[in-house]
Amino acid sequence: LKDGSGTFIYSSGPKLVATWVENKVNGSATFYYTDGRVDLRKYCKDECIGVGVQYSQDRQVATKLNCGRVKKWISLTEASRIASRLGLAVPR
């Protein structure tokens, strides 16, 4: 049973840095793809909710996410605001 903050590494390579409550992801989380992209998302009981942001491998392009789905390209300034609202740092 996962309970608390930590990192989950999938067998296929990606990793999720998050907080679990009763084995479910809750709150803000960072998902690292194997190709270098990074998603900043919010979860409630294992379900991705609300607005998040995805950064490209070189961190020069940002895409707005809605419930984990890509919606549109946005400025890095807007992406930084979303990260701040999620309480997460902009990935380096």
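The present account deals with the structure reproduced in this document. What you see is a predicted model, and the numbers here were worked out from it, not measured in a lab. (Residues numbered from 1 in each chain as written. Predicted model: local features only at pLDDT ≥ 70, side-chain atom pairs only at ≥ 80, totals over all residues. Heavy atoms only, no water.)

### A word on the overall build of the protein chain
Along the protein chain, the regular secondary structure elements total 1 helix and 8 strands. Across the protein chain, helices and strands are ordered from the amino to the carboxyl terminus as β-β-β-β-β-β-β-β-α. The C-alpha radius of gyration computed for the protein chain amounts to 13 Å, which stays within 12% of the reference 12 Å derived for 92 residues, consistent with globular compactness. The principal-axis extents of the C-alpha atoms in the protein chain amount to approximately 40 × 25 × 20 Å. Within the protein chain, buried positions represent 33% of all 92 residues. The contacts of the protein chain with a sequence gap of at least 6 include a subset with a gap of at least 24, amounting to 17%. Counting every atom, the protein chain has about 5,700 Å² of accessible surface; 49% of that belongs to carbon and sulfur. (Helix = DSSP H or I, 4+ residues; strand = E, 2+ residues; numbered from the N terminus. Rg over C-alpha atoms; globule rule 2.2 N^0.38 Å. Buried < 20%, exposed > 50% of the residue type's maximum accessible area, 1.4 Å probe, protein only. Contact = heavy atoms within 4.5 Å. Areas by Shrake-Rupley, 256 points an atom, 1.4 Å probe, with all protein chains shown as cover.)

### A short note on helix 1 (residues 76-86)
Within helix 1, burial applies to Ala79, Ile82, Ala83 and Leu86. The buried residues of helix 1 occupy one face: seen down the axis, they fall within an arc of 100°. Turned more than 90 degrees away from the buried face of helix 1, the exposed residues are Ser84 and Arg85. Buried-residue contacts for helix 1 involve strand 4 (27-32), strand 5 (38-44), strand 6 (47-55), strand 7 (62-66) and strand 8 (69-74). Trailing helix 1 by a residue or two, Gly87 shows a phi angle of about 75°, which is positive. (Arc of directions from axis to C-beta.)

### Description of the packing of aromatic side chains
Counted according to the given criterion, the structure contains 3 aromatic pairs. Seen from their ring centres, Phe8 and Tyr10 are 4.8 Å apart, and the 85° between their planes marks the pair as edge-to-face. Relative accessible area serves as the criterion here: at 32%, Tyr10 is assigned to the partly exposed category. The cationic tip of Arg37 hangs over the ring face of Tyr33; the distance from NZ or CZ to the ring centre is 3.9 Å. (Phe/Tyr/Trp six-rings, centres within 6.5 Å; stacked < 30°, edge-to-face > 60°. Lys NZ or Arg CZ within 6 Å of the ring centre and 35° of its normal.)

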